[in-house]
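Below are the chains, spelled out letter by letter.
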Amino acid sequence: MSFSALGLCTKLLNTVAEKGYTKPSPIQQEAIPAVLSRRDVIAIAQTGTGKTASFSLPILHLLEDKPHPEANNVRALIIAPTRELAAQVAANVDTYSQSMNLRTTAVFGGVRIEPQKFELEQGVDILIATPGRLVDLYKQGVINFEHLEILVLDEADRMLDLGFIEHIHHIQSLLPEKRQTLLFSATFTKEIKALATTMLNNPVTIELAKAQDHIESITQVLHPVDKERKNALLLHLIKNNDWSQILVFTRTKRGADSLRNELEQAGIAAESIHANRTQQARTQALDGFKSGRIKVLIGTDLAARGIDIEQLPCVINVDLPYVPEDYIHRIGRTGRASAKGLAISLFSDDESKQLRAIERFIGRQFKKVFVPGFASTPRPPVAKAEEDLYGNFEADDKSKRKGKSKERKKRR
Ligand code: AMP
C-alpha cells in the first residue's frame, strides 16, 4: 500500500516523500483512513511504529483549508504525558505541516508560561500540551475549547502511570461532547479500556500487538557470529538441517545477491528478490519458491514485506533489521496457523543497537546460542592509547587483532 492510497492531500504526500517515507507503516495504514473518516480511534501501538504520523497527518489534512481559530481557541488538542514527548510530537507536527498555513504550538511545564499565553491568545490550530500546564493555562483563562474538533491522548497508559487521570477527566469535562477522540497507548490494560469507554464514541480499535501475539509460537534463536562469516554459517545451517524451505532476509540488495551466488555455487537452489530486480524476475523467483523448485528465497525488507507465502518452517535473518517492527514482519512468515515456527538471527557485534531495540520492542531477551565452529571472536574493549584508557573505549578491530596474533606468534 502506498501513502497516496490513504486519501491524504498532495501537500502531505509531498512532505512524507521528502521525509523519505516510502510506505505507510501498519499503524498508519489503519489509523489514517479511520481518522480521515472522522471516527474515534483507539490504537495500541508503541513508539517506533510511526504512531505520531498516524494521527498527525490526517489531523493536518482535516484542519487545512478551514477558517483559522479565533483568539484563544484551539481546534485540535494533543495531550502527551511528558515534556519530551510533547516537544517530539510538536517537532513532528511542525515538519509535516511545513507547507501548510496552520498555527501549531506546544505548551509544557518547566518553562515560562507568559510566551505560551501569548501564543494561545492568537488562537491555535493544533495545541500539543502536557496535562499539568494545560490545566494551569486553562485556569488563567487563555484557552477556549468551545470550537475544539479533535482530541488526541498520546501514550495514554503512561499518563495513567504518571497519575494524570484526574487532570484528564478535568480536561475532558471542559471539551465539547461532539468531537473526535483518538487514544494511543502502548498497552491495552483494563484501565485503558475503562478510560476509552468514558472518552470515546464507538471507536475503531487498532491493535498492532496482534502481530506480536503470533510470534509467541515461534522459537527464536540468535547465533552470535563474526560478520564476515555470516554467509558461511548460513550455508552450514542449511546443509545441516532438514528444512524444506527457508526465507532469508538481508539488509541490502547487494547482500541478497552475493548470498544467492554463494548458495548457488554450493549447489543450493536460491533466488533473490529486491527492488533492483525486474518485476518479472521477482515474480519468477516467488513462483519458483512457492512451487518448491527454489529452496532458499533471499529478500530485503521492502521487497519481501508484501509477499504472501504460506507456512514456512524457517526464517533466517542474516542481518538484523533497523526497524524493530520489521523483525516481527520477517519472522511472522513462519509458524503460521498454529504450526510451530523457527526464526534464526545471525548476530554480529556491530548490531548491538538493533538487537537492543528489537528486544525492547518484543519485550524479551534472545537466547544466544553459539554454533560450534562459528563462535564469534571475543572483542574486549581495547584502549587506542594509554591516555584513552579511561576515556573513549573502542571495540578492537580486525587490523589490531591481526597485529596481536602476530605478536603472540612471535612470542611463541
Ligand atoms: P513514532 O512511532 O511516531 O515515534 O515514529 C518513529 C519514527 O519513524 C520517526 O522517526 C518517524 O520519522 C519515522 N516514520 C514514521 N512513519 C514512517 C514511515 N511511513 N516510513 C518510515 N519512517 C517513518
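Thresholds, definitions, all that
Counting of residues starts from 1 at the beginning of each chain's written sequence and follows it residue by residue. For this predicted model, a pLDDT threshold of at least 70 governs which residues receive local features, and a threshold of 80 or more governs which side-chain atom pairs are given and counted, while totals over whole chains, interfaces and linings are taken from all residues. Values reported for side chains reflect all heavy atoms of the structure, with hydrogen atoms and water molecules removed beforehand. Two rings from Phe, Tyr or Trp (for Trp, the six-membered ring) form a pair when their centres are within 6.5 Å of each other. A pair whose planes differ by under 30 degrees is stacked, one over 60 is edge-to-face, and the rest are tilted. A run of H or I in DSSP counts as a helix once it spans at least four residues, and a run of E counts as a strand once it spans at least two, with each numbered from the N terminus. Any residue under 20% of the maximum accessible area for its type is buried, any over 50% is exposed, and the rest in between are partly exposed; the area is computed with a 1.4 Å probe on protein chains only. The rule is short: NZ of Lys or CZ of Arg within 6 Å of the ring centre and within 35 degrees of the ring normal puts a charge over the ring. Here a polar contact is recorded for every N or O atom pair within 3.5 Å, except that within protein the pair must consist of a potential hydrogen donor and a potential acceptor, and residues adjacent in sequence are included only if both atoms are side-chain atoms. One bridge is not enough; two strands pair if DSSP finds at least two bridges between them. The handedness of a crossover follows from its direction of travel: if, with the strands pointing away from the viewer, the path from the first strand over the helix to the second runs clockwise, the crossover is right-handed. Each nonpolar core is a collection of buried residues, namely Ala, Val, Leu, Ile, Met, Phe, Trp, Tyr and Cys, held together in the definition by side-chain atoms within 4.5 Å. Throughout, a residue-residue contact means that at least one pair of heavy atoms, one from each residue, lies within 4.5 Å. Every residue gets a pLDDT, meaning the predictor's confidence in that residue, from 0 to 100. Fitting a line to C-alpha atoms yields each axis, with helices limited to the stretch in contact; the angle taken between N-to-C directions then spans 0 to 180 degrees. Any angle that is under 35 degrees is reported as roughly parallel, and any over 145 degrees as roughly antiparallel; angles of 65 to 115 degrees are reported as roughly perpendicular and all others as oblique. Crossing handedness: left-handed means the near helix sits turned counterclockwise from the far one by under a right angle, and right-handed means the same turn made clockwise. Residue type decides the class: Asp, Glu, Lys and Arg count as charged, Ala, Val, Leu, Ile, Met, Phe, Trp, Tyr, Cys and Pro as nonpolar, and the leftover types, Gly among them, as polar.

A.B. asks: Mind showing me how you'd approach the packing of aromatic side chains here?
C.D. replies: Scanning the model with the defined rule gives 5 aromatic pairs in all. Between Tyr327 and Phe366, the ring centres sit 5.6 Å apart and the planes meet at 90°, which makes this aromatic pair edge-to-face. Pair noted here: Tyr327 is in helix α15 (residues 324–331) and Phe366 is in the loop between α16 (352–362) and β14 (367–368), with a separation of 39 residues, a long-range link. On the basis of relative accessible area, Tyr327 is assigned to the buried category, the value being 0%. Residue classification places Phe366 among the buried positions, given a relative accessible area of 11%. Connected via pairs of aromatic rings, a cluster forms that spans Phe3, Tyr21 and Tyr96. Taking NZ or CZ as reference, Lys193 lies 4.7 Å from the ring centre of Phe188, over its face.

A.B. asks: I'm lost on the environment of Thr197 in this one. Help?
C.D. replies: Structurally, the position occupied by Thr197 is in helix α9 (residues 190–199). Here Lys193 takes part through its backbone oxygen, which lies 2.7 Å from a polar atom of the side chain of Thr197.

A.B. asks: Please clarify how unusual backbone geometry should be interpreted in this entry.
C.D. replies: In terms of backbone geometry, most residues other than glycine have negative phi values and most peptide bonds are trans. Positioned with a positive phi, Glu155 is a non-glycine residue whose angle comes to about 50°. Relative to the assigned elements, Glu155 resides in the loop between β5 (150–153) and α7 (156–161). Residues other than glycine seldom take positive phi values, yet Asn202 does so here, at roughly 45°. In this fold, Asn202 is placed in the loop between α9 and β7 (204–207). We classify Asn202 as exposed; its relative accessible area is 55%.

A.B. asks: Just to check I follow, could you spell out the pairing of strand β3 (residues 104–107) for this structure?
C.D. replies: Regular strands have side chains that alternate between both faces of the sheet. Relative to strand β4 (residues 124–129), β3 runs parallel, the two being bridged by 4 bridges. Along β4, the bridge assignment pairs Thr104 with Ile126. The parallel pair β3 and β4, bridged by helix α5 (residues 114–121), forms a crossover whose chirality is right-handed.

A.B. asks: Honestly, the nonpolar core in this entry has me stumped. Any pointers?
C.D. replies: Burial of nonpolar side chains together is a common tendency in soluble globular proteins. Formed by 42 residues in total, the largest nonpolar core has its most connected members in Leu57, Ile59, Ile126 and Leu182. Per-element accounting of this core gives the leading share, 7 residues, to helix α3 (residues 51–63). If sequence neighbours within four positions are ignored, Leu57 has contacts with Phe3, Leu8, Leu12, Val16, Ile32 and Tyr96.

A.B. asks: I'm lost on the confidence of the model for the protein in this one. Help?
C.D. replies: Parts of the model with low pLDDT should not have their predicted coordinates read in detail. In the predicted model, the protein carries a mean pLDDT of 86, and the fraction of residues at 70 or more is 86%. Low pLDDT, under 50, characterises residues 386–412; the stretch is placed with 18 contacts to residues that sit more than four places away or in other chains.

A.B. asks: What am I meant to see in the side chain of Glu155 here?
C.D. replies: Given a relative accessible area of 10%, Glu155 falls into the buried group. Those residues in contact with Glu155, other than ones at most four positions away along the chain, are Thr47, Lys51, Pro81, Leu85 and Phe184.

A.B. asks: Before we go on, may I ask you to explain helix α11 (residues 230–240) in this structure?
C.D. replies: Note on helix geometry: an α-helix contains 3.6 residues per turn, so any two residues three or four positions apart are oriented the same way. Taken together, the buried positions of α11 are Lys230, Asn231, Leu233, Leu234, Leu235, Leu237 and Ile238. Contact partners of the buried residues in α11: β8 (218–224), β9 (246–249), α12 (253–265), β11 (296–299), β12 (314–317) and β13 (341–347).

A.B. asks: Could you clarify how one ought to interpret the packing of α3 against helix α4 (residues 83–96) in this entry?
C.D. replies: Between two packed helices, both the angle of their axes relative to each other and the distance between the axes serve to describe the pair. With their axes 10 Å apart at the nearest point, α3 and α4 run at an angle of 45° to one another. As the angle between them shows, α3 and α4 are arranged oblique. Every pair of crossing elements has a handedness; the one defined by α3 and α4 is right-handed. Residue-level contacts link Thr52, Ala53, Phe55, Ser56, Leu57 and Leu60 of α3 to Val89, Asn92, Val93 and Tyr96 of α4. For the contact of α3 with α4, the residue count by class is 7 nonpolar, 3 polar and no charged.

A.B. asks: I would appreciate a short explanation of the sheet that holds β5 in the present structure.
C.D. replies: Pairing is parallel across the open sheet formed by 7 strands, whose spatial order is β3-β4-β2-β5-β6-β1-β7. Unpaired on one side and paired on the other, β3 and β7 mark the two borders of the sheet. Taken pair by pair, the neighbouring strands of this sheet meet at an average axis angle of 15°, ignoring direction. Of the strand pairs in this sheet, strand β1 (residues 41–44) and β7 are connected by 4 bridges, and their pairing is parallel. Considered in β7, the bridge of Ala43 is made with Ile206. Most of the contacts of α4 go to β4, to which it runs at about 150°, and overall it touches β2 (74–79), β3 and β4. The strands that α5 touches are β2, β3 and β4; relative to β3, the one it contacts most, it runs at about 150°.

A.B. asks: Just checking my understanding: could you explain the sheet that holds β14 for this structure?
C.D. replies: Two modes of strand pairing occur in sheets, parallel and antiparallel, and in both the strands are linked by backbone hydrogen bonds. In spatial order, the strands read β10-β11-β9-β12-β13-β8-β14; together these 7 strands make up an open sheet with parallel pairing. Two strands in the sheet have a free side with no partner beyond their single neighbour: β10 (270–273) and β14. In this sheet, β11 lies alongside β10 in parallel orientation, the contact comprising 4 bridges. Pairing of Ile273 across the sheet is with Gly299, part of β11. Here α11 sits on the sheet and contacts β8, β9, β11, β12 and β13; the angle it forms with β13, its principal contact strand, is near 155°.

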